[in-house]
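Architecture and fold: a report
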Amino acid sequence: MDFRAFLAGLVFALIWSSAFTSARMIVEAMPPITALSIRFLISGLIGIAIAGAMGQSLRLGPGQWRAVIIFGICQNALYLGLNFVAMQWIEASLAAIIASTMPLLVAAANWGIFREKLPLLGVVGLTAGFCGVGLIMAQRLGGGADPTGIVLCLIAAVALTVATLAMRGATGGNGNLLMVVGLQMLVGAAALAPFAVLTESWSVDWSTRLILAFGYTTLMPGLVATLIWFWLVRRIGATRAATFHFLNPVFGVAIAALLLAEGLSWVDALGVAIVAAGILAVQLVRVRPA
């Protein structure tokens, strides 16, 4: 792995992990589904406008349309939608830790359903990762964390896992990358808008913090991190790129503690270390299959 790819992976993990903290700031001040739908609409329009200026076309291939629809619904509407709703009741750090199980869920499904070979180190990594998450959730539940929020985050992680597995073997088509990303955002906005209208009322507690958090979430995790991820996948491959996900629970907890002053117990720290090690072990054996 060259230095540019390594640096891009670190930046991706940092931006992706920070999204939970900025989302927590947003849902404290405005309805979550409404906020996310508006965010997707703005991100999508910006992405499509830039893509058009770069000469990218709306004429997509079957694999690209498949990516637009599946990820627009599963990743944007379900995964992020459920996380936004959940963070009305649970801390950003806990949401980040649960979300970090996605690489473990993908590896477990590939092993158990698709019969992908997984060496002993990978099995140990899977077991350790899930045990680490269980340790953290048990400690947080004992401390009063809302079970509803935790369940919503778990469902969100499963939704993203399903989307990832559904895209096995699909072609993204590099020529219209930004156009695909922008259209995914619009699909997410369209899927969430009816729920926002039917279940939420327009009530916003305007502040500088809300504006900054909303702008950051719209541009950085919404567009920049997605583009970095696809660039990284093209440069070093999906499996090697996924190795950087082991940093997500570490960065997610650290950012939430720094910006939101969320508490971090020694059990949390131990659980995060176990989860990160488990993800790294699983991804390393997939990079070097036995």
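Here the structure is shown first, and the text comes after it.
Residues numbered from 1 in each chain as written. Predicted model: local features only at pLDDT ≥ 70, side-chain atom pairs only at ≥ 80, totals over all residues. Heavy atoms only, no water.

1. Considerations on the pattern of salt bridges
Inspection of the entire model under this criterion finds four salt bridges. The residue Glu28 makes a salt bridge to Arg24 at a minimum N-O spacing of 3.4 Å. For Glu28, a relative accessible area of 47% corresponds to the partly exposed category. When its relative accessible area of 16% is taken as the criterion, Arg24 is described as buried. Of the charged contacts in the structure, one is a salt bridge between Asp268 and Arg140, with a shortest N-O distance of 3.1 Å. Taken together, the positions of Asp268 in helix 12 (residues 266–287) and Arg140 in helix 6 (residues 120–142) put the pair 128 residues apart, joining distant regions of the chain. Each member of the pair, Asp268 as well as Arg140, carries the same accessibility label: buried. Counted as one network, the salt bridges with shared partners bring together Arg24, Glu28 and Arg209. (Salt bridge = Lys/Arg side-chain N within 4 Å of Asp/Glu carboxyl O. Buried < 20%, exposed > 50% of the residue type's maximum accessible area, 1.4 Å probe, protein only. Helix = DSSP H or I, 4+ residues; strand = E, 2+ residues; numbered from the N terminus.)

2. Overview of the nonpolar core
Within the largest apolar cluster, 78 residues are counted, with the highest numbers of intra-cluster contacts made by Phe20, Ile26, Tyr79 and Leu94. The element that contributes the greatest number of residues to this core is helix 1 (residues 3–27), accounting for eleven residues. Sequence-distant contacts of Leu94, that is, excluding residues within four places in its chain, are made with Ile136, Met137, Arg140, Ala145 and Ile150. If you look at the next biggest cluster of nonpolar residues, it comprises seven residues, including Leu60, Val68, Met179 and Val180. (Core = buried A, V, L, I, M, F, W, Y, C linked by side-chain atoms within 4.5 Å. Contact = heavy atoms within 4.5 Å.)

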